[in-house]
Amino acid sequence: MKELAGIIVAASALIAWTAMAQNYEGKWSGEFQVSAGMPTNCTAKGPIAVSVTGQTVNLEVTQQGSAIQTSGGLRSDGSWEAFVRLPDGSFTGFTGQFEGQKFSGNYSGGGSGCIGTFSGSKS
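Below: a short report on this structure.

1. Considerations on the environment of F32
Piece 1. Relative to the assigned elements, F32 resides in strand 1 (residues 26-36).
Piece 2. By relative accessible area, F32 is classed as buried at 2%.
Piece 3. A sequence separation of 86 residues divides F32 from F118, and the C-alpha atoms of the two residues are 4.0 Å apart.

2. Thoughts on the pairing of strand 4 (residues 66-74)
Piece 1. The pairing of strand 3 (residues 56-63) with strand 4 spans 8 bridges and is antiparallel. Across the sheet, V57 pairs through a bridge with G72, a residue of strand 4.
Piece 2. Inspection of the sheet shows strand 4 paired to strand 5 (residues 79-85) by 3 bridges, in the antiparallel sense. The residue bridging L74 from the neighbouring strand is W80, located in strand 5.
Piece 3. The antiparallel pairing of strand 4 with strand 5 creates a hairpin that spans 4 residues between the two strands, and G78 there sits at a positive phi of about 90°.

3. Notes on the packing of aromatic side chains
Piece 1. Using the criterion set out here, one finds 10 aromatic pairs in the structure.
Piece 2. Measuring from centroid to centroid gives 6.3 Å for F94 and F118, while their planes differ by 50°, and the two rings are tilted. Of this pair, F94 sits in strand 6 (residues 91-99) while F118 sits in strand 8 (residues 114-122), and the two are 24 residues apart along the sequence.
Piece 3. Pairing F98 with F103 gives two aromatic rings, centres 6.1 Å apart and planes at 55°, and the pair type is tilted.
Piece 4. When its relative accessible area of 3% is taken as the criterion, F103 is described as buried.
Piece 5. Through successive ring pairs, a cluster of aromatic residues spans Y24, W28, F32, W80, F94, F98, F103, Y107 and F118.

4. Details of the pattern of salt bridges
Piece 1. With the rule as written, the count across this model stands at 1 salt bridge.
Piece 2. Residue E81 pairs with R75 through a salt bridge whose shortest N-O separation is 3.3 Å.
Piece 3. A residue is classified by how much of its surface remains accessible, and R75, at 39% relative accessible area, is partly exposed.

5. Quick word on the sheet that holds strand 1
Piece 1. Spatially, the 8 strands close up into a barrel ordered 1-2-3-4-5-6-7-8, and their pairing is antiparallel. With strand direction ignored, the average angle separating the axes of adjacent strands in the sheet is 25°.
Piece 2. Two strands pair when backbone bridges link them, and strand 5 and strand 6 are joined in this way by 7 bridges, in the antiparallel orientation. Its bridge partner lying in strand 6, A82 is registered against F94.

Cut-offs used in this document
Going along each chain's sequence as written, the residues are numbered from 1 onward. In keeping with the predicted nature of the model, local features appear solely for residues at pLDDT of at least 70, side-chain atom pairs appear and are counted solely at 80 or more, and the whole-chain, interface and lining totals rest on all residues. To obtain the side-chain values, all non-hydrogen atoms of the structure were included, while hydrogens and water were left out. Counting from the N terminus, the helices are DSSP H or I runs at least four residues long and the strands are E runs at least two residues long. Between buried and exposed lies partly exposed: a residue is buried under 20% and exposed over 50% of the maximum accessible area for its type, with that area taken using a 1.4 Å probe on protein chains only. In this analysis, strands are considered paired if DSSP registers two or more bridges between them. Working definition: rings of Phe, Tyr and Trp (its six-membered ring) pair if their centres are within 6.5 Å, and the pair is stacked with planes under 30 degrees apart, edge-to-face with planes over 60 apart, and tilted otherwise. The working definition used for a salt bridge is a side-chain nitrogen of Lys or Arg within 4 Å of a carboxyl oxygen of Asp or Glu. All axes here are fitted lines through C-alpha atoms, helices being fitted over the stretch that makes contact, and every angle between N-to-C directions spans 0 to 180 degrees.

Right, dumping it as structure tokens:
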């Protein structure tokens, strides 16, 4: 009986540790870099701010004084995606992954077909 109780306690601790390890809540910051697309529109880099509340990822990218804001859903494995409709009617998609205290991802879309990467860490 003591062995069973020990196994239950160990399993409960493992479940609690796993839940804590996958808690991405909080503020994250980093930088994005456009890597390809039409040269006149796809040469930017700048700050990226991410916040996580529950299963929602909020994202803000600032480029040349203009901010793009969007939100998306967070999966239990730390992956997420979000889309934003731009003023010209096109969409930009962001896909990312949280791992420990770091995040990274890619984005693509927009009228010019820009693509790029971003990365950062928990603030």
